[in-house]
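# Observations on the model geometry
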Amino acid sequence: MPTQTVGLHHVTAISGPPQANLDFYVTVLGQRLVKRTVNFDDPGTYHFYYGDRVGTPGTILTFFPFVDAGPGRAGPGMASAVAYAAVPAEFEALMMRLAEDGEAFGGPIERFEQRCITLSDPDGLAVEVIETPDAPKNSFHSVTLWLTDPRPTVRVLSDFLGYQEVGAEQRDGRDRIRMQTTDGGHASVIDIVTDDTASIGRQGAGTIHHIAFRASDDDHQLAFRDQLLSGGLDVTPVIDRQYFNAIYFREPGGVLFEIATDPPGFSTDEPVDTLGAALKLPAQYENRRDQIERRLPEISPPPWSDA
C-alpha cells in the first residue's frame, strides 16, 4: 500500500500586476488574502496566498505577481485549470452575483454529473467552480492536468500518491480521466485531459506553475520522498517554506508536483484575525526589509475579511 495523500495542499500560479490579481480573488471570488510575503527565491516579487479564514490546506491558491510578466498559455505538460467547490446554494448565488456584476463566465455545463462554470482571471487563468454537496467554504474541488499521454501520470498518482481512477468521459473532443484520493474528501480530485488540438504551452502570466499535495507532517513527507526516490523519480531535498516544508519533483507528463506539510501553517507569524494584513518576510530577508519594500509595487490590499 503506497504512502497516501488526502489531496491538494495548494496551487501556485503566475500573474501579471498584483493589484488586479488581489481585486479579482478577494472581491470577485471572495477569497481571503491569508499571507502577503515575497517569492523566497526572488524577493523583489510578491507572493500572495489566498484561502479560507485560517488558510486550511486544500483552500490555498498562491501567486507570483510579476508586473512585466508576458502572457502565458496552457498546453500539454501543464496544469490548465483550478476548480473551487461550492454547495448548491452558493453555486446559484455566485452565478447570480457574477451576472449582476457583469462578470463573464462560461456554462454551466455538466461534468461527471456536477454543474461547472468557468471564469478567467485578469491574466486568463481558467478558474472553475463546481457544484459540490457538503463542500467546505472556499475549498478546492480539483486541478486539471493537460497531458499528451495520461498513462505515466496516472501511474504516478496511483502508485506513489494513493489516487485511484473513478471515472472517464468525453466532451468536445477531449477525453477526461478523473482521479481521486481514497477518502474522497475536499480537494481530493485530479482531472487529466487529453486534447487533439495542436498547442504548445508557455509559462507566463495566467498559467499554473505547480500543484502541491498534502503531507500530514515531516515524517509523512519523508515517507513520500523515500517512496518517490525508490520509484526512480528525481526529488529535491526538503525545503523550508516557513509555512510548510516542501519537496518537488516533475512527473512524467511534465507537470511540476510538490508535497507540502500541513504544519506549521499561516498563523505562525501573525494572528488569524489579521492574516494577510502586513508584509511578512522570512528571517533571511528581514535585514533588507526597507530595500525590499521600496522595490515592491505599491498595492492597496483589499479588506482581510473573514472570507
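Described below are features of the structure shown in this document. These numbers were taken from a predicted model, which means no experiment stands behind them. (Residues numbered from 1 in each chain as written. Predicted model: local features only at pLDDT ≥ 70, side-chain atom pairs only at ≥ 80, totals over all residues. Heavy atoms only, no water.)

### Details of the side chain of Thr 37
As a reminder of what qualifies: The helix count covers DSSP runs of H or I at least four residues long, the strand count covers runs of E at least two residues long, and both are numbered beginning at the N terminus. We call two N or O atoms a polar contact when they sit within 3.5 Å, provided that within protein one can donate a hydrogen and the other can accept it, with sequence-adjacent residues counted only if both atoms are side-chain atoms.
You can see Thr 37 is positioned in strand β2 (residues 32-39). Side-chain polar atoms of Thr 37 contact the backbone oxygen of Lys 280, separated by 2.5 Å.

### Looking at the environment of Thr 118
Worth spelling out the cut-off: Throughout, exposure labels follow a simple rule: accessible area from a 1.4 Å probe, protein chains only, divided by the maximum for the residue type, with under 20% read as buried, over 50% as exposed, and the rest as partly exposed. We call two residues contacting when some pair of their heavy atoms lies within 4.5 Å.
Tracing the sequence through the fold places Thr 118 in strand β7 (residues 114-120). Assessed through its relative accessible area of 29%, Thr 118 is described here as partly exposed. For Thr 118, the contacting residues outside a window of four places in its chain are Phe 105, Gly 106, Ala 126, Val 127 and Glu 128.

### Re the pattern of salt bridges
Just so we agree on the cut-off: By salt bridge we mean one thing: a side-chain nitrogen of Lys or Arg within 4 Å of a carboxyl oxygen of Asp or Glu.
Applying the stated criterion to the full structure yields 14 salt bridges. For Arg 53, the salt bridge is made with Asp 273, and the minimal N-O distance between the two is 2.5 Å. Residue Arg 53 is located in the loop between β3 (42-51) and β4 (60-65), and its partner Asp 273 is located in the loop between β16 (256-264) and α5 (289-295); the two are separated by 220 residues in the primary sequence. What makes Asp 273 exposed here is its relative accessible area of 52%. A salt bridge links Arg 115 to Glu 131; the nearest nitrogen and oxygen atoms lie 3.0 Å apart. Of this pair, Arg 115 sits in strand β7 while Glu 131 sits in strand β8 (residues 126-131), and the two are 16 residues apart along the sequence. Given a relative accessible area of 24%, Arg 115 falls into the partly exposed group. Ionic contacts of the salt-bridge type, sharing partners, join the residues Lys 35, Asp 269 and Glu 270 into one network.

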